[in-house]
Amino acid sequence: DHWFRADYNVDFEQFVKYPRENDQNQYLTSEAALNFTDSFIHVDQSLSKTSSRSGTQFTERVSRLEHDVDTSGGYKFNRTTVRGGYNYFSRSFDSAIHKSLNYHAHKFYSGVAVETGPKTNITVDYAFTNYNYTKDSRRDGLENEIFLGFSGHFLPKTSFFSKFGYGRIDYDQATDADNFV
């Protein structure tokens, strides 16, 4: 079955004791999927204008624009599914003091899933990412990741997914042997 979905969400944050912390965050997401008998194509996109501190190390509000686009496709034959895709992510800060943290990343990924039982799979995934900081090339880097995973449905409403692996980022201008910038 094919489908398309789009959502727009606004969070109004209101603080009675600290009104200077009042803010709004806006999120736009869309998804499209073309699912055929033996193949699929998915496209996901999100755009957010936020200053939320959730998931960051910021202690103050830092306004930023984040954009994420993910395209993927795959083909299933016999008990094996081959998939691959491309992801673009960018983060742009509004304040001049944080402009050096603006970056975008290009990720290419691929994977194979093999059905090992009626409702279980073993997966192997590889991803390559190129990070580009527009104002600070010392932070630019290349990342390689490889993962082995296991998924399954053991009860009608219970599923399990586990993935483990290795990832490494090599920074273009690392200043020491441990590859730290």
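Residues numbered from 1 in each chain as written. Predicted model: local features only at pLDDT ≥ 70, side-chain atom pairs only at ≥ 80, totals over all residues. Heavy atoms only, no water.

A. Structural view of the nonpolar core. Core analysis: the biggest nonpolar cluster contains five residues, these being Phe89, Tyr103, Ala105, Tyr131 and Tyr133. Contributions of two or more residues to this core are made by strand 6 (103-117) and strand 7 (120-133). Here Tyr103 is in contact with Phe89, Ser90, Arg91, Tyr131, Asn132 and Tyr133, once residues within four sequence places are set aside. (Core = buried A, V, L, I, M, F, W, Y, C linked by side-chain atoms within 4.5 Å. Buried < 20%, exposed > 50% of the residue type's maximum accessible area, 1.4 Å probe, protein only. Helix = DSSP H or I, 4+ residues; strand = E, 2+ residues; numbered from the N terminus. Contact = heavy atoms within 4.5 Å.)

B. Spotlight on the packing of aromatic side chains. By the definition in use, this model includes eight aromatic pairs. When the centroid spacing of 6.3 Å and the interplanar angle of 50 degrees are considered together, the rings of Tyr103 and Tyr131 count as tilted. In this pair, Tyr103 sits in strand 6 while Tyr131 sits in strand 7, placing the two residues 28 residues apart along the sequence. Across the pair, exposure class does not vary: Tyr103 and Tyr131 are buried alike. Over the aromatic face of Tyr133 sits the side chain of Arg139, whose NZ or CZ is 5.7 Å from the ring centroid. Against the face of Phe147 rests Lys163, its NZ or CZ located 5.2 Å from the ring centre. (Phe/Tyr/Trp six-rings, centres within 6.5 Å; stacked < 30°, edge-to-face > 60°. Lys NZ or Arg CZ within 6 Å of the ring centre and 35° of its normal.)

C. Representation of the environment of Thr80. Tracing the backbone shows Thr80 in strand 5 (residues 80-93). Taking C-alpha positions, Thr80 is 9.7 Å from Thr123, a pair spaced 43 residues apart along the chain. Residue contacts for Thr80: discarding those within four places in its chain leaves Tyr75, Val112, Ala113 and Val114.

D. Local environment of a nonpolar patch on the surface. A surface patch of nonpolar side chains, about 1,100 Å² in accessible area, is lined by Ile122, Val124, Tyr126, Ile146, Leu148, Phe150, Phe154, Leu155, Phe160, Phe164 and Tyr166. Elements with a contribution of two residues or more to the nonpolar patch: strand 7, strand 8 (141-155) and strand 9 (158-171). Considering every element that reaches the nonpolar patch, the biggest residue donor is strand 8, with five residues. (Patch = residues over 30% accessible without salt bridge, like charges linked within 9 Å, V, L, I, M, F, W, Y side chains within 5 Å. Areas by Shrake-Rupley, 256 points an atom, 1.4 Å probe, with all protein chains shown as cover. Salt bridge = Lys/Arg side-chain N within 4 Å of Asp/Glu carboxyl O.)

E. The arrangement of the pattern of salt bridges in detail. Taken as a whole and assessed by the stated rule, the structure comprises 11 salt bridges. For Glu66, the salt bridge goes to Arg64, with nearest N and O atoms at 3.1 Å. For Arg64, a relative accessible area of 4% translates into the label buried. Taking the shortest distance from any N to any O, the salt bridge between Asp125 and Arg83 comes out at 2.6 Å. Remark: Arg83 occurs in strand 5 and Asp125 occurs in strand 7; sequence separation between them is 42 residues. Its relative accessible area of 24% is what places Arg83 among the partly exposed residues. Sharing partners across several salt bridges, the network here consists of Arg5, Asp7 and Glu31.

F. Layout of the pairing of strand 5. Judged from the 14 bridges that link them, strand 4 (residues 64-77) and strand 5 form a sheet pairing that is antiparallel. The residue bridging Val69 from the neighbouring strand is Tyr88, located in strand 5. The turn linking strand 4 back onto strand 5 is made up of two residues, and Asn78 within it adopts a positive phi angle of 50 degrees. One ladder, built from 12 bridges, connects strand 5 with strand 6; its direction is antiparallel. Looking across to strand 6, one finds that Phe89 is bridged to Ala105. (Pairing = 2+ DSSP bridges.)

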